[in-house]
Amino acid sequence: MTVWSKLENRGRIRTGVPLGPMTTYKLGGKARWYTEPDDPDALGIIVEALAAEPVPILILGQGSNLVVAESGFDGVVVKLGSGFRNMELDGGVLVTDGGVPLPRIARFALDRGYSGLEFAVGIPGSVGGAVHQNAGCFGVETVDRLLGAEVVDLLTGERRQCDVEALDMSYRHSAIGDSDLVVSARWSLTSGNVDEGRTTIRQITRWRRDHQPGGSYNAGSVFKNPPGEESAGAIIDRLGLKGFAVGGVSVSRKHANFFVASEDARPEDIKGLVKAVADRVAQETGIKLEPEIEFVGMDLREH
Ligand SMILES: Cc1cc2nc3c(=O)[nH]c(=O)nc-3n(C[C@H](O)[C@H](O)[C@H](O)COP(=O)(O)OP(=O)(O)OC[C@H]3O[C@@H](n4cnc5c(N)ncnc54)[C@H](O)[C@@H]3O)c2cc1C
């Protein structure tokens, strides 16, 4: 019996868990193994299993930047459980677990008299996902407010406290590797400015409602903005691609860098649309757009 089937028998992991419902696209197949460790001991058991019998790892946050293949993920999916969703103020520093939904950190801080995290309000990811991606909006990125993060390497069990410089964060990039699990993060806060902060939250929420296809199946911006003045969305819009579709997925009519999926869409349709739009942009402008969304179990280069 393998280490993984023993863990299944002990109720530590589950097999054949559908991943679609755990992503904002609501698409994709099953995880071969799935676990939601609730505390450091449960996490330690997964680390031991990986050391004894290594398998591919997918760390899952809120699934708001992922497209999972129809074939699912042939490895172990690790999502921080309810024991990793706490927050506390430590002096003027906010300490959040990696599984906390990102929008919550903004309101938690404001309710306690601190501002500075308002940018997080409209990003439907987790703290861990935000650190991994250096998520940001409205001119503020995670790196601007992050002091550091605690990371566990699931392959070695090594636990390290990284200050923000060590995370080497830049536009939608960090040094967090595929097996690095962000278990907590420390955020710098500004004392006061709470009324301004609440106004900013209202402005961000209204702007998103007016300019983005909220309520539909999507994963936010599909492409990173290329260097230069023109955003990826503006380029796609300029080429008249709003509404352009592959299968059940189309370029949003509200925001050209959002690709929205219909009920009958398939993950392959998203891949097809990403490739078709990137090819068209490259042909017509010479600009090479790079995806911001991540594909799981699918290679964008394959047909
Ligand atoms: C409507 C909408 C609007 C959005 N707007 C924005 C925006 O304004 N700005 C922006 O930057 N993004 C935006 N996004 C994209 C997305 O919310 C962010 O990229 C977010 O940071 C992803 O977090 P997640 O927890 O959902 O990560 P997932 O999608 O689950 O995973 C993304 C990556 O992060 C890794 N990861 C997740 N959790 C951890 C962890 N604990 N430790 C280590 N790695 C981890 C995963 O392995 C994967 O590589 C938007 C998405 C949607 C659906």
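A. Looking closely at the overall build of the protein. What the protein contains, in helices and strands, is eight helices and 18 strands. For 303 residues, the compact-globule estimate of 2.2 N^0.38 gives 19 Å, and the protein sits close to it at 20 Å. Seen along its three principal axes, the alpha-carbon backbone of the protein occupies a region of about 55 × 50 × 30 Å. Looking at the protein as a whole, 43% of its 303 residues are labelled buried. Here the analysis covers contacts within the protein between residues at least 6 apart in sequence; of these, 64% occur between residues at least 24 apart.

B. Representation of the site of the ligand in the model. Near the ligand there are 32 residues, and of these Gly-61, Gly-125, Gly-128, Gly-129 and Gly-220 occur at the shortest range. Elements represented by at least two residues in the shell around the ligand include exactly strand 3 (57-60), helix 4 (127-133), strand 9 (136-137) and strand 13 (180-188). Looking at the shell around the ligand, the element that brings in the most residues is helix 4, giving five residues. Residue classes in the shell around the ligand are distributed as 13 nonpolar, 17 polar and two charged.

C. Highlighting the domain arrangement of the protein. Domains assigned within the protein are domain 1 (3-79), domain 2 (85-209) and domain 3 (214-296). For domain 2 versus domain 3, the distance between C-alpha centres works out to 26 Å.

D. Structural view of the nonpolar core. Core analysis: the biggest nonpolar cluster contains 86 residues, and Val-67, Val-77, Ile-105 and Val-182 have the highest contact counts within it. Tallying contributions element by element places helix 8 (residues 267-285) first for this core, with six residues. When residues no more than four places from it in sequence are discounted, the contact partners of Val-67 are Tyr-25, Leu-27, Gly-28, Ala-219, Pro-267, Ile-270, Ile-293, Phe-295, Val-296 and Met-298.

E. Structural view of unusual backbone geometry. Here the phi dihedral of Asn-134 falls at roughly 50 degrees; this positive angle occurs in a residue that is not glycine. Summarising the element assignment, Asn-134 is placed in the loop between helix 4 and strand 9. Given 20 C-beta atoms within a 10 Å radius, Asn-134 is considered buried. The phi dihedral of Asp-168 is positive, around 50 degrees, even though this residue is not glycine. The residue Asp-168 is located in the loop between strand 12 (159-163) and strand 13 in this model.

F. View of the sheet that holds strand 3. Taken in spatial order, the four strands line up as 1-2-5-3 in an open sheet, and their pairing is mixed. Two strands close off the open sheet at either side, each with one partner strand: strand 1 (14-18) and strand 3. Sheet twist, expressed as the average angle between the axes of neighbouring strands with direction ignored, equals 40 degrees. Of the pairings in the sheet, the one linking strand 1 to strand 2 (residues 30-35) comprises four bridges and is antiparallel in character. Its bridge partner being in strand 2, Arg-14 is matched across the sheet by Tyr-34.

G. Examining the sheet that holds strand 13 more closely. With antiparallel pairing, the five strands of this open sheet are ordered in space as 6-7-13-11-12. Strand pairing shows two members of the sheet lacking a second neighbour, strand 6 (87-90) and strand 12, which therefore form its edges. Recorded for the sheet is a direction-independent mean angle of 20 degrees between the axes of neighbouring strands. Relative to strand 7 (residues 93-97), strand 6 runs antiparallel, the two being bridged by four bridges. Of the residues in strand 7, the one forming a bridge with Leu-89 is Leu-94.

Conventions and cut-offs
- Residues numbered from 1 in each chain as written.
- Predicted model: local features only at pLDDT ≥ 70, side-chain atom pairs only at ≥ 80, totals over all residues.
- Helix = DSSP H or I, 4+ residues; strand = E, 2+ residues; numbered from the N terminus.
- Rg over C-alpha atoms; globule rule 2.2 N^0.38 Å.
- Buried ≥ 20, exposed ≤ 12 C-beta atoms within 10 Å, placed from the backbone.
- Contact = placed C-beta atoms within 7 Å.
- Near = placed C-beta within 6 Å.
- Nonpolar A, V, L, I, M, F, W, Y, C, P; charged D, E, K, R; others polar.
- Domains from an automatic or database assignment.
- Core = buried A, V, L, I, M, F, W, Y, C linked by C-beta atoms within 7 Å.
- Pairing = 2+ DSSP bridges.
- Axes fitted to C-alpha atoms, helices over the stretch in contact; angles between N-to-C directions.

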